[in-house]
Amino acid sequence: MLRYVGKRILMLIPVMLGVSLIVFCMIYFTPGDPAEYMLGVDATPEAVAAMREQLGLNGTFLEQYIRYIGKIITRFDFGTSYSTHRSVTTEILDRFPNTFRLALLSMVVSAVLGIILGIISATKQYTIFDNMASAFALIGTSMPSFWFGLMLIIWFCLKLKWFPPSGFDTPAQWVLPTICLGLGSTATVTRQTRSSMLEVIRQDYIVTARSKGQLESVVVLKHGLKNAMMPIITVIGNSFGVHLGGAMLTETVFSIPGIGKMMVDAIAIKNYPVVQGGVLFIALCSSVVNLLVDLLYAYIDPRIKAQYSKKKVKKPAANQKTKGVA
Amino acid sequence: MSENLLDIKNLTVYYYRDGKPIKAVNDLSFSLGKGETLGLVGETGAGKTTTAKAILKLVPEPQGKYESGEILLDGKDVLKMSKGQLRRMRGHDVAMIFQDPMTSLNPVLTVGEQIAEVVRLHSKVSRAEATKKAQEMLEMVGISGSRYTAYPHEFSGGMKQRVVIAIALACNPRLLIADEPTTALDVTIQAQVLELIKDLKDKFNTSMLLITHDLGIVAEVCDKVAVIYAGEIVESGTAEDIFDRGTHPYTEGLFNCLPRLDSEEGERLNPIKGLAPDPMNLPAGCAFHPRCPYATDACRQSNPKPVEIEPGHFVKCHVRGIGKEDA
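Residues numbered from 1 in each chain as written. Chains lettered and ligands numbered in written order. Predicted model: local features only at pLDDT ≥ 70, side-chain atom pairs only at ≥ 80, totals over all residues. Heavy atoms only, no water.

A. Broad picture of the overall build of chain A. A tally of regular secondary structure across chain A gives 15 helices and zero strands. Relative to its length of 326 residues, chain A is extended, with a C-alpha radius of gyration of 25 Å against a globular reference of 20 Å. C-alpha atoms of chain A, sized along the principal axes, occupy 85 × 65 × 30 Å. Each of the 326 residues in chain A was classed as buried or not, and the buried ones make up 43%. Put simply, of all contacts in chain A between residues at least 6 apart along the chain, 71% involve residues at least 24 apart. Here chain A displays about 17,500 Å² of accessible surface, and carbon together with sulfur accounts for 69% of that area. (Helix = DSSP H or I, 4+ residues; strand = E, 2+ residues; numbered from the N terminus. Rg over C-alpha atoms; globule rule 2.2 N^0.38 Å. Buried < 20%, exposed > 50% of the residue type's maximum accessible area, 1.4 Å probe, protein only. Contact = heavy atoms within 4.5 Å. Areas by Shrake-Rupley, 256 points an atom, 1.4 Å probe, with all protein chains shown as cover.)

B. Quick peek at the nonpolar core. Counting 62 residues, the largest nonpolar core has Tyr 68, Ile 115, Met 197, Leu 225, Met 229, Ile 232 and Tyr 297 of chain A as the members making the most contacts within it. Each residue touching Met 229 of chain A, except ones within four places of it in the same chain, is listed here: Ile 115 and Ile 300 of chain A. In this structure, Ala 95, Val 118, Val 225 and Leu 254 of chain B belong to the second largest nonpolar core, which totals 57 residues. (Core = buried A, V, L, I, M, F, W, Y, C linked by side-chain atoms within 4.5 Å.)

C. Inspection of the interface of chain A and chain B at higher detail. On the side of chain B, 26 residues touch chain A, which itself brings 20 residues to the contact. Taken together, the two surfaces of chain A and chain B that pack against each other cover about 2,200 Å², and 59% of this comes from carbon and sulfur. Together, Ser 211, Lys 212 and Pro 302 of chain A form the three largest contributors to the area buried by chain A at its contact with chain B, with a combined 28%. Counting every contact that joins chain A to chain B gives two salt bridges. Here Lys 222 of chain A makes a salt bridge to Glu 117 of chain B, at a shortest N to O gap of 3.8 Å. Between the two partners, chain A and chain B, sit eleven residue pairs in polar contact (both at pLDDT 80 or more). Mapped by element, the contributors of at least two residues to the side of chain A that touches chain B are helix 9 (204-211), helix 10 (216-244) and helix 14 (302-308) of chain A. Take the side of chain A that touches chain B: its biggest share by element is six residues, from helix 9 of chain A. (Buried area = accessible area lost by both parts, 1.4 Å probe. Salt bridge = Lys/Arg side-chain N within 4 Å of Asp/Glu carboxyl O. Polar contact = N/O pair within 3.5 Å; in protein donor to acceptor, adjacent residues only side chain to side chain.)

D. Spatial organisation of the pattern of salt bridges. The tally for this structure, following the rule as stated, stands at 22 salt bridges over all chains. With its nearest N and O atoms 3.3 Å apart, the salt bridge here joins Glu 91 of chain A to Arg 86 of chain A. Judged by relative accessible area, Arg 86 of chain A falls into the partly exposed class, the value being 34%. The residue Lys 212 of chain A makes a salt bridge to Glu 117 of chain B at a minimum N-O spacing of 2.7 Å. With Lys 212 of chain A in the loop between helix 9 and helix 10 and Glu 117 of chain B in helix 3 (residues 111-122), this residue pair bridges two chains. Salt bridges sharing partners connect three or more residues here, namely Arg 86, Glu 91, Asp 94 and Arg 95 of chain A.

E. Summary view of a negative patch on the surface. All names here are of chain B. A cluster of acidic residues, Glu 195, Asp 199, Asp 202 and Glu 220, forms a negative patch on the protein surface. Looking at which element gives the most residues to the negative patch, the answer is helix 6 (residues 187-204), with three residues. Its location among the elements puts Glu 220 in helix 7 (residues 215-221). By relative accessible area, which is 45% here, Glu 220 ends up partly exposed. (Patch = residues over 30% accessible without salt bridge, like charges linked within 9 Å, V, L, I, M, F, W, Y side chains within 5 Å. Lys, Arg positive; Asp, Glu negative; His and termini not counted. Charge placed at Lys NZ, Arg CZ, Asp CG, Glu CD.)

F. A look at the pairing of strand 10 (residues 232-238) of chain B. Residue and element names in this part refer to chain B. In terms of residue burial, strand 10 counts as a mostly covered element, since six of its seven residues are buried. Of the strand pairs in this sheet, strand 9 (residues 224-229) and strand 10 are connected by six bridges, and their pairing is antiparallel. Bridged to Val 225 within strand 10 is Gly 237. What sits between strand 9 and strand 10 in their antiparallel hairpin is a turn of two residues, with Ala 230 showing a positive phi close to 50°. In terms of strand pairing, strand 10 meets strand 12 (residues 313-315) through two bridges, oriented antiparallel. By the bridge assignment for strand 12, Glu 235 is matched with Val 315. (Pairing = 2+ DSSP bridges.)

What follows is the structure, encoded as structure tokens:
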């Protein structure tokens, strides 16, 4: 198992290199010059050239890329923000708590609600409950979050004055962004739970569990849900990974100082180091969450666990034997 | 008379697809005494498994519907039981060994947990005692108790079937339903599993309903036999009645299908002509008449009633039952 985790962590290196190359490439070929942008239209060509040198924008593409990667590897230096002149690492770490809190809140809400709704709609297939849950899921996935966020602000902040419209420091400020961000994933989780559960509750082992005289609720939760869990966890993990890298629309609508808002602002003013660092960070978050999801699989399904630790399978068996002898 | 442990009377179960009924079980009746073993024999799709599931009221609803009839277990109608009564009955009074051991065990729970689960449901014991009982059950079916923590995927098909048997027998049920318990296993394991079921059944004096299409198994294990065709019992009686004096044309056909060791070289098997009827569209009259070599006009027009041709031996046939009715 440890070997497997080690292997997966090592595999992160080529992934991150690939992501950095692609982002660097895309930014390099984007029209516009940050030096000009910073100095204004009146700047002399000499001043612009000096600024480019200072920003590390001189030289060929390859030179620039190698310089960038070199700094990261040797000094863990992702560059300095053009606008605040602080290091990108500090910028990201400063905003990460907000983003993390929002992502975690909306994940918990969407996982709990989505799984409950999905189970109800699978066990009461084709009833009014199922139709209502399906309608909710359809609306939830198709509603754009910036519009939904604005509607929430109009109703609950401006008209009802229940919650503040911006910021992210007090629990009252957490409510609306969590609803806004969680709605989409709740809908996805509901749909995934429904289809996964529908498949599982037709399996023979569910009939076996019923034939033992087990309570229907235990049959559904213990025998059904655990088997249906894998695709559900995948969906939850995916959206959590994406949200960890910043929920750009939600953070922007609710003016939350998080990674997403930082990226949007950085793109607007061609703040290249922040964009690059941010994208790398998003990629890292997704990869780490993916790895955690894969490890969760092993925890849920013993067949996958056996696959992960093929060579170590014999060890626990040997332990058991000695225990028996003792 | 409540001597019988199980009395099924005129059971009719339909499945519905697009509003049209699939007539799986039609007006089926049979009974099973205490300690007896009844073999329910028939082709694939004849309604054997549906009948078995109906006894536990496990026919998938709402697709499946119990149209009429009663299933009396010790005089109490299973179909009228409350949810709580059903739960106390399932696994405790009636237990079932399912057809396919590969899919009837939960892949994410250890085999031990799955046996202990049924123990804990029906007897008030601590977790530790249930574990101990589960280990005993494993030993009883010939698996080392130390494999308690193994998962189903670590077991072979035969071992999984043993676990399924251990689950079924863990609470000493009075009625054991074995739905083709050996179909998914290879022949050497089949013999072992059958032997095991027979031993355990004798040990606990359990009644058994053995569902199979394998006449060899029936001959070996069963006291009584019921032949099922298109959801109806066409002939029933003791094993001798059916094997030595099988009367219904369908029973006759089944035996003619068996390969014989003493057959002449070049002699071919003698299958029943035609296919089993489509349960969505059963023939009028006797369901077997399109395939029956003796069919008469009466067979095409009306469905015969079962006739007792000798004590305890019933035949449902216009041709073979006739004349003996008065005798």
